[in-house]
Amino acid sequence: MKKRRLWFRLIKRGLIGLLVIVIGLGLFFQTSYAQKLFYPYPYRPIVEKYAVQYGVDPFLVIAVIRAESNFMPQSQSHKGAQGLMQLMPDTAEWIAKSKGDKSFTLEDLKDPEKNIQYGTWYLASLQKEFNNTTLVLAAYNGGRGHVQEWIKTQQLDIDHLRVEDIPFQETRKYVQRVLFYYPKYKALYSTGLQG
């Protein structure tokens, strides 16, 4: 009988201890410090430098980087997109020509600074054209020509735009991912925005 009570007390203490640990971990993971472990902001000075220069929300840029490459500068997609912001070589060459950057080479796409500069510039050019974050992201992933066509053929109603209406599944999922990360970065890092 004494052994049974002893086991009962040990189990009870163990369960209480486990409950305390679970509650403690739950509280810890609700802190911004813990959340920043899940939503890191590498390359922050570079992102903010070009975001300010080109008039793009830095949290949108970092959300794009997170969705595109998960912060790996040597990333390359099966379609050939490269670097942190997964720029296609022909898009990067067009950006270099538009910017008058005669020194640009495709190897520069692996350089975080050049990739972020070009990717942010491209986001800014899409913002000027579409003036809507969902359309900008759809064009960044699926191509501006496709988005123009979707609007022209009324596959996308810009007055009642819904992510679910994006015709390409890959682009639709991409936009959903970026729009998931974007407010998280904004909430975690907006108070410490560098400038």
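Residues numbered from 1 in each chain as written. Predicted model: local features only at pLDDT ≥ 70, side-chain atom pairs only at ≥ 80, totals over all residues. Heavy atoms only, no water.

Caption draft 1: Molecular detail of the packing of aromatic side chains. Here the structure, examined in full by the defined rule, presents 13 aromatic pairs. With a centroid separation of 5.9 Å and 15° between ring planes, the pair formed by Tyr185 and Tyr189 is classed as stacked. Remark: Tyr189 and Tyr185 occur in helix α9 (residues 169-189); sequence separation between them is 4 residues, near one turn of the helix. Grouping aromatic residues by their ring pairs yields a cluster made of Tyr39, Tyr41, Phe59, Phe180, Tyr181, Tyr185 and Tyr189. (Phe/Tyr/Trp six-rings, centres within 6.5 Å; stacked < 30°, edge-to-face > 60°. Helix = DSSP H or I, 4+ residues; strand = E, 2+ residues; numbered from the N terminus.)

Caption draft 2: Summary view of the packing of helix α3 (residues 44-54) against helix α6 (residues 112-130). Where α3 meets α6, the axes come as close as 9 Å, and the angle between the chain directions of the two elements is 30°. Here the hand of the crossing between α3 and α6 comes out right-handed. In this structure, α3 contributes Ile46, Val47, Lys49, Tyr50, Ala51 and Tyr54 to the contact, and α6 contributes Glu113, Ile116, Gln117, Thr120, Trp121 and Ala124. Considered class by class, the residues forming the contact of α3 with α6 number 8 nonpolar, 2 polar and 2 charged. (Axes fitted to C-alpha atoms, helices over the stretch in contact; angles between N-to-C directions. Left-handed = near helix turned anticlockwise from the far one by under 90°. Contact = heavy atoms within 4.5 Å. Nonpolar A, V, L, I, M, F, W, Y, C, P; charged D, E, K, R; others polar.)

Caption draft 3: Layout of the pattern of salt bridges. One pass over the structure, following the stated rule, counts 7 salt bridges. Close ionic contact of Asp101 with Lys114 constitutes a salt bridge, the shortest N to O distance being 2.8 Å. Placement of Asp101 in the loop between α5 (89-99) and α6 and of Lys114 in helix α6 is noted, with a sequence separation of 13 residues between them. Lys114 carries the same exposure label as Asp101, and that label is buried. (Salt bridge = Lys/Arg side-chain N within 4 Å of Asp/Glu carboxyl O. Buried < 20%, exposed > 50% of the residue type's maximum accessible area, 1.4 Å probe, protein only.)

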